[in-house]
Amino acid sequence: MTSRRDWLLQQMGITQYQLRRPRVLQGEIAVTLAPDTQLIIVADAPPGLHEPLMRDVLHALKLQPAQVMTVTPDQLQMLPETLNCAGWLLGVESEQTFNGVTLTSASFNELISSGVARRALWQQMCNHDSHLFTHP
């Protein structure tokens, strides 16, 4: 239902704009992407990059922790709409567009405890090997 104010503005031909990220104005801190970021890991509770499984995945992708950014789904919404890097959705879903490859997997805790989940992630990494990072 539109308010009287909205109706009056519409009658006068005044276009109202709606903020895409209103939480920024409500005091949430904006998230910025470092220029050397190669991978964004999105998780409800992002794991530390020092965890053994994370170190193994980053090693397989030939990435250093400094090239990786971990964010929550809410923080992801504060980044630009199109990101020029790969993404790893770790137990979450997102409509975010990554110009690189988008990997999806179970949550971090499930990856640790499930060989099936780890194999599924590994298979994605192998399938996208030519599109992933080819650093020497």
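Residues numbered from 1 in each chain as written. Predicted model: local features only at pLDDT ≥ 70, side-chain atom pairs only at ≥ 80, totals over all residues. Heavy atoms only, no water.

The name given to the protein in an unreviewed UniProt entry is DNA polymerase III subunit psi, and the organism recorded there is Candidatus Pantoea gossypiicola. For the record of the protein, the UniProt heading Function (unreviewed entry) holds the text "Part of the beta sliding clamp loading complex, which hydrolyzes ATP to load the beta clamp onto primed DNA to form the DNA replication pre-initiation complex. DNA polymerase III is a complex, multichain enzyme responsible for most of the replicative synthesis in bacteria. This DNA polymerase also exhibits 3' to 5' exonuclease activity." (UniProt positions renumbered as here; feature names shortened; annotations may be inferred.)

Caption draft 1: Representation of the overall build of the protein in the model. Each helix and strand in the protein was counted, giving five helices and six strands. When the helices and strands of the protein are read in sequence order from the N terminus, they spell out α-β-α-β-α-β-β-β-β-α-α. Sorting the 136 residues of the protein into buried and exposed places 33% on the buried side. Considering only intrachain contacts with a sequence separation of at least 6, the fraction spanning at least 24 residues in the protein is 58%. Element-wise, carbon and sulfur atoms account for 51% of the exposed surface of the protein, whose accessible area totals about 9200 Å². (Helix = DSSP H or I, 4+ residues; strand = E, 2+ residues; numbered from the N terminus. Buried < 20%, exposed > 50% of the residue type's maximum accessible area, 1.4 Å probe, protein only. Contact = heavy atoms within 4.5 Å. Areas by Shrake-Rupley, 256 points an atom, 1.4 Å probe, with all protein chains shown as cover.)

Caption draft 2: Region of the structure containing the sheet that holds strand β4 (residues 86–90). Reading across from one edge, β2-β1-β4-β6 is the order of the four strands in this open sheet, with parallel pairing throughout. For this open sheet the edge positions go to β2 (68–71) and β6 (102–105), each flanked by a neighbour on one side alone. Sheet twist, expressed as the average angle between the axes of neighbouring strands with direction ignored, equals 15°. Summarising the sheet, β4 and β6 pair through four bridges and their orientation is parallel. (Pairing = 2+ DSSP bridges. Axes fitted to C-alpha atoms, helices over the stretch in contact; angles between N-to-C directions.)

Caption draft 3: Focus on the packing of helix α2 (residues 52–60) against helix α5 (residues 115–127). Running from N to C, α2 and α5 cross one another at 20°; their axes reach a closest spacing of 12 Å. By the angle between their directions, the pair α2 and α5 is classed as roughly parallel. As for the relative orientation of α2 and α5, their crossing is right-handed in sense. Contacts between α2 and α5 involve Leu53, Val57 and Ala60 from the first element and Arg118, Leu121, Trp122 and Met125 from the second. Of the residues belonging to the contact of α2 with α5, the class tally is six nonpolar, no polar and one charged. (Parallel < 35°, antiparallel > 145°, perpendicular 65-115°, else oblique. Left-handed = near helix turned anticlockwise from the far one by under 90°. Nonpolar A, V, L, I, M, F, W, Y, C, P; charged D, E, K, R; others polar.)

Caption draft 4: Just the environment of Pro46, in detail. For Pro46, the location among the structural elements is in the loop between β1 (39–42) and α2. Taking the C-alpha atoms as reference points, Pro46 and Thr70, separated by 24 residues in sequence, lie 6.0 Å from one another. In contact with Pro46, not counting residues within four places along its chain, are Thr70, Val71 and Thr72.

Caption draft 5: Spatial organisation of the nonpolar core. In this structure, Leu39, Ile41 and Trp88 are the most contacted members of the largest nonpolar core, which totals 21 residues. Secondary structure elements with two or more residues in this core: β1, α2, β4, α4 (108–113) and α5. Here this core takes four residues from α2, the largest share from any one element. Excluding residues within four positions of it along the chain, Ile41 makes contact with Leu49, Met54, Val68, Met69, Thr70, Val71, Trp88 and Leu90. Counting 13 residues, the second-largest nonpolar core is a separate cluster that includes Val71, Leu79, Leu83 and Phe98. (Core = buried A, V, L, I, M, F, W, Y, C linked by side-chain atoms within 4.5 Å.)

Caption draft 6: The arrangement of the pattern of salt bridges in detail. One pass over the structure, following the stated rule, counts one salt bridge. Close ionic contact of Arg5 with Asp6 constitutes a salt bridge, the shortest N to O distance being 3.8 Å. Looking at Asp6, the relative accessible area reads 24%, which means it is partly exposed. (Salt bridge = Lys/Arg side-chain N within 4 Å of Asp/Glu carboxyl O.)

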